[in-house]
Amino acid sequence: MKIYDEHVHLRAHSDEPEAHNLRPFLQVAQKRQIAISIKEHGPLPKKYQRGPRGDFYFAMAPEELVPFLDQFIDTAVPVGLELDYFADAEDEVREIAGNFLAQAQQRRLKIGALNGSVHLLPLDLNSDTDDPDIVMWDDKEESFAKYCDLCGIDRIIEEYHKALCGLVKMQLFDVVSHVDLLRKFDRIDVHGKSFYLNGHETFYQEAIFDVLQQAGENGIAVELNTQGIDRPYGRPFLTPQAIKFCREKKIRLTFASDAHKPETIGRHFAIAGEMFAAAGVEKLTCFRERKPHFYDFR
Ligand SMILES: [Zn+2]
Ligand SMILES: [Zn+2]
């Protein structure tokens, strides 16, 4: 059995990020016999190129794309991007994806897939509602708690749902990443009560299942992202019920560690595998040249 880790980054987040470096990730992947597919945070639309590097403190600075891609020349590693969705910059997101694909093809690289994510939401209450400011709510728990106080969890769920639906409907992406990321800082107590979603669980679950339904209708795969296990949430970003729903609706599923360090490649695959098996999933999906391939994970 081979592990296909469909979501790996080439550097950790940091105030002064290092250059993307494929080599150490390749070494660990080869040693552990894990097939990795790189999904690096891509450049942002111009309007959102904030901060001194234009990376909004987490993404790829525009000038980093070429050196990032050049590292893949003469390797067989599938390269792809994790791109952020912005409702008011869909055309530019398409351009960023198109430019990435064209540059990868020029270099004859092996392409994996394009993942779509929502890490930023228009939540700033002080801004003009016609042109709301975008905020990063998933960097620190203080930020998430602040926006919960400012906007209320229902508004955050609504915006998150709206953004994920917009992403899926663009029909640009092959995979929607970590649909449960909104629960990154959530905790569930011994009575099963959620810290942030208590009393709003049904509203949240309906929003998430609507996204899954629309992903299915638009032929977009959904990932089980094990990063959530190492967060306060303590479980993967995709619930057993959601996996079952995907199986029933024939929505393709991928495994994603979302590793940002070589040593976390393939992390928690055993837990993911058990969840998939318990939900009756028979095959998982990996993407090569943006086409789905199915493999037996058991
Ligand atoms: Zn992400
Ligand atoms: Zn990621």
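Fair warning: this is a prediction, and the values are worked out from it, not measured in the lab.

About the cut-offs
- Residues numbered from 1 in each chain as written.
- Chains lettered and ligands numbered in written order.
- Predicted model: local features only at pLDDT ≥ 70, side-chain atom pairs only at ≥ 80, totals over all residues.
- Heavy atoms only, no water.
- Donors = N, O, S within 2.8 Å, 3.2 Å for Na, K, Ca; no water.
- Tetrahedral: all angles 85-135°; square planar, octahedral: opposite > 155°, others 65-115°.
- Helix = DSSP H or I, 4+ residues; strand = E, 2+ residues; numbered from the N terminus.
- Buried < 20%, exposed > 50% of the residue type's maximum accessible area, 1.4 Å probe, protein only.
- Salt bridge = Lys/Arg side-chain N within 4 Å of Asp/Glu carboxyl O.
- Axes fitted to C-alpha atoms, helices over the stretch in contact; angles between N-to-C directions.
- Parallel < 35°, antiparallel > 145°, perpendicular 65-115°, else oblique.
- Contact = heavy atoms within 4.5 Å.
- Nonpolar A, V, L, I, M, F, W, Y, C, P; charged D, E, K, R; others polar.

Chemist: Can you explain the coordination of the zinc ion (ligand 2)? Please cite residues and give values.
Modeler: Around the zinc ion (ligand 2), the donor atoms from the protein are His7 (NE2), His9 (NE2), Glu82 (OE) and Asp258 (OD), and they sit 2.0 to 2.2 Å away. Viewed at the metal, the four donor atoms of the zinc ion (ligand 2) are separated by angles of 82 to 170 degrees, and the geometry they form is irregular. Considered as a linear motif, the donors of the zinc ion (ligand 2) on their single chain read H-x1-H-x72-E-x175-D. A separation of 3.4 Å is found between the zinc ion (ligand 2) and the zinc ion (ligand 1), which share Glu82 as a coordinating residue. Taken as a pair, His9 in the loop between β1 (3-8) and α1 (22-32) and Asp258 in the loop between β9 (253-256) and α8 (269-278) lie far apart in primary sequence, 249 residues in all. With a relative accessible area of 5%, Asp258 lands in the buried category.

Chemist: Run through the environment of Asp91, naming residues and quoting values.
Modeler: Looking at the secondary structure, you find Asp91 in helix α3 (residues 90-106). The sequence separation of Asp91 and Val190 amounts to 99 residues, and the corresponding C-alpha distance is 46 Å.

Chemist: So what's going on with the coordination of the zinc ion (ligand 1)? Residues and values would help.
Modeler: At this site the zinc ion (ligand 1) is bound by Glu82 (OE), His119 (NE2) and His178 (NE2), with donor distances of 2.1 to 2.2 Å. On the primary sequence, the residues serving as donors to the zinc ion (ligand 1) are separated as E-x36-H-x58-H. On the basis of relative accessible area, Glu82 is assigned to the buried category, the value being 1%.

Chemist: An account of the pattern of salt bridges is requested, with residue identities and associated values reported.
Modeler: Scanning the entire structure with this criterion turns up 18 salt bridges. When the shortest N-O distance is used, the salt bridge between Arg183 and Glu201 registers 3.6 Å. Placement of Arg183 in the loop between β7 (175-176) and α6 (201-217) and of Glu201 in helix α6 is noted, with a sequence separation of 18 residues between them. According to the relative accessible area criterion, Arg183 is buried, its value standing at 3%. A network of salt bridges, in which partner residues are shared, links Glu6, Lys39 and Arg288.

Chemist: Let's hear about the packing of helix α4 (residues 141-151) against helix α5 (residues 153-169): which residues, and what values?
Modeler: For the pair α4 and α5, interaxial distance at closest approach is 7 Å and the crossing angle is 105 degrees. Classified by the interaxial angle, the pair formed by α4 and α5 is roughly perpendicular. Here α4 contributes Phe144, Tyr147, Cys148 and Cys151 to the contact with α5, which in turn contributes Ile153, Arg155 and Ile156. By residue class, the composition of the contact of α4 with α5 is six nonpolar, no polar and one charged.

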